[in-house]
Each structure stands twice: as C-alpha cells, then as structure tokens.
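Read off the chains here:
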Amino acid sequence: WSLIIAYLMHTSMINATNLWWLKKDDDRLYLAVAFGFPLVISTLPWSTDNFGSTGAWCWITSGPDDDKYTSGTVWRFLVLYVPIWLIIAYISYTYW
C-alpha cells in the first residue's frame, strides 16, 4: 500500500495532475498490485518446498542440506529483502 500511496502522491504533486481523473479500472489495478503481487511472491517458495516451521512461526526454511539452505536464502532475498528495499528506495525518491 505504501508504494501505491507514494505513486499517487508523486503523480498528483510532482506531476501536478489532478487525482479526480482516476477511474474504477485504476482502482482495480492498484488492488491487484497491492494484493496480487504479495500473494504471488509469497507462494513462490512452495515450488522448491522451502516453507516450514522456523520456530514460533512458519517462514522460508533453511534446510540442513546445502541445496535447501541456498534456495531458502535466495527465496528470502527475492521475496522479502529485495522488494522491501526497492519500495523504500522509490518512496525515498518520491518524498525527497
């Protein structure tokens, strides 16, 4: 959501456009991005069987063998760290 809010603020303030032009189709796109993207990237680690118990919660596991440890680490970066830092970078650029 914060990415979409930053985008809309950038569109309305920096580009000096009016947000009243938003159509219902745009709302659907924003909802698809806000809910669809996290849904897709959070289910992808199931393709390599890397979801499991990591203590008190279920998360991307690091198995005892090297292959699962490597794939678990890669999934953690692709699913969590890379998207978060890209969003933080965009928000920082937008509010700068």
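**Section: the overall build of the chain**
Along the backbone of the chain there are three helices and two strands. Written out in order from the N terminus, the α and β elements of the chain read α-α-β-β-α. Within the chain, the fraction of its 96 residues that count as buried is 25%.

**Some points on the packing of aromatic side chains**
The geometry of two aromatic rings is summed up by the distance between their centres and the angle between their planes. Taken as a whole and judged by the stated rule, the model has three aromatic pairs. An angle of 55° between the planes, with centres 5.2 Å apart, marks the rings of Phe-77 and Tyr-81 as tilted. Linking Phe-77 with Tyr-81, this pair stays in helix α3 (residues 66-95), spanning four residues, or about one helical turn.

**Brief notes about the confidence of the model for the chain**
Per-residue pLDDT for the chain has a mean of 78; in total, 80% of the residues score no lower than 70. Within the chain, α3 carries the highest mean pLDDT (83), whereas helix α1 (residues 2-14) carries the lowest (78).

**Points about the environment of Trp-59**
Its location among the elements puts Trp-59 in strand β2 (residues 58-60). Remark: the alpha-carbon pair of Trp-59 and Gly-72, spanning 13 residues in sequence, is separated by 9.7 Å. With residues near it in sequence (within four places) discarded, Trp-59 still touches Asn-50, Phe-51, Gly-52, Thr-54, Arg-76 and Leu-80.

**Description of the side chain of Thr-94**
Along the chain, the position of Thr-94 falls in helix α3. On the basis of relative accessibility, which here comes to 8%, the residue Thr-94 falls in the buried class. Looking at Thr-94, its side chain comes within polar contact range of the main-chain oxygen of Tyr-90, at 2.8 Å. Residues within four places of Thr-94 in sequence aside, it is in contact with Ala-6 and His-10.

Rules used throughout
Residues numbered from 1 in each chain as written. Predicted model: local features only at pLDDT ≥ 70, side-chain atom pairs only at ≥ 80, totals over all residues. Heavy atoms only, no water. Helix = DSSP H or I, 4+ residues; strand = E, 2+ residues; numbered from the N terminus. Buried < 20%, exposed > 50% of the residue type's maximum accessible area, 1.4 Å probe, protein only. Phe/Tyr/Trp six-rings, centres within 6.5 Å; stacked < 30°, edge-to-face > 60°. pLDDT = per-residue confidence, 0-100. Contact = heavy atoms within 4.5 Å. Polar contact = N/O pair within 3.5 Å; in protein donor to acceptor, adjacent residues only side chain to side chain.

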